[in-house]
Every structure is written in C-alpha cells, then in structure tokens.
Amino acid sequence: MTASDQLIVLSNALQQLRSDTLGVAAFSRLAQDQLELRTALPARYNEVLLQLLDRLESSALFTEESCSFSQKELLDSLQQWLDQAQRQLDKANPATS
C-alpha cells in the first residue's frame, strides 16, 4: 500500500472515529501501523502525529470535555495533520497529484 493509500485509510478511520464507529485505541493503532505514510513524511510529521495520538488516548479517559483534553479539538488537529500530510505528499510526488 502506498503512502497516499495509507493516508486515505487514516482519513476514513478519522471519519469513523468522529461518528463513534471506531474507538480511540483502534484508531491510534491503525495510525501507528501506517508505516509507509509515516516514513514518506518528514520526521516532524511523525512526532506531531504521535503527540496527537497520545493526547487523544489520554482524552478518552475523560467522560466529558475538559479544558486540556478537548476530544473535538484533537480530532480537528488530526484533520489538519492529514491535510498537511496530503500537501506534503503532493509536493514530494507532483506527478501523482
């Protein structure tokens, strides 16, 4: 599976997470398993993704939104990460975009 394919898989999984058809732990495992995508991006993308996943997993411990662990904001940040990753992949492979 290509990095672009894995980005699509992760984007679909985020939509499932938003609609509560996929749990946080399963999403986190899936995101960490997208090795082709993670290695195709600059190292800082991997660092940010792992930080977001860690915060997301921590937020799952709370039943209500808290100031420091707003799950909606974390999901929005993950969407931003996906959007930036897509732009980065497009820059790296202009023939495929």
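Residues numbered from 1 in each chain as written. Predicted model: local features only at pLDDT ≥ 70, side-chain atom pairs only at ≥ 80, totals over all residues. Heavy atoms only, no water.

Chemist: Just give me the short version of the nonpolar core, but keep the residues and values in it.
Modeler: Judged by nonpolar contacts, the single largest core of 23 residues is most densely connected at Phe-27, Leu-37, Leu-56, Leu-78 and Trp-81. Listed by contribution, the elements that provide at least two residues to this core are helix H1 (3–18), helix H2 (24–33), helix H4 (43–59) and helix H5 (71–92). For this core, the element with the highest residue contribution is H5, accounting for seven residues. Apart from the residues within four sequence positions on either side, Leu-37 is in contact with Ala-3, Gln-6, Leu-7, Leu-10, Trp-81 and Leu-89. (Core = buried A, V, L, I, M, F, W, Y, C linked by side-chain atoms within 4.5 Å. Buried < 20%, exposed > 50% of the residue type's maximum accessible area, 1.4 Å probe, protein only. Helix = DSSP H or I, 4+ residues; strand = E, 2+ residues; numbered from the N terminus. Contact = heavy atoms within 4.5 Å.)

Chemist: Residue-level account of the packing of H4 against H5, with values.
Modeler: Contact geometry for H4 and H5: axes closest at 10 Å, N-to-C directions at 160 degrees. The angle between H4 and H5 falls in the class roughly antiparallel. Of the two possible hands of crossing, H4 and H5 adopt the one that is left-handed. Judged by residue contacts, Arg-44, Tyr-45, Val-48, Leu-49, Leu-52, Arg-55, Leu-56 and Ser-59 of H4 engage Gln-71, Leu-74, Leu-75, Ser-77, Leu-78, Trp-81, Gln-84, Ala-85 and Gln-88 from H5. Residues belonging to the contact of H4 with H5 are distributed by class as follows: ten nonpolar, five polar and two charged. (Axes fitted to C-alpha atoms, helices over the stretch in contact; angles between N-to-C directions. Parallel < 35°, antiparallel > 145°, perpendicular 65-115°, else oblique. Left-handed = near helix turned anticlockwise from the far one by under 90°. Nonpolar A, V, L, I, M, F, W, Y, C, P; charged D, E, K, R; others polar.)

Keep in mind that these numbers describe shape and distance, not what the molecule does.
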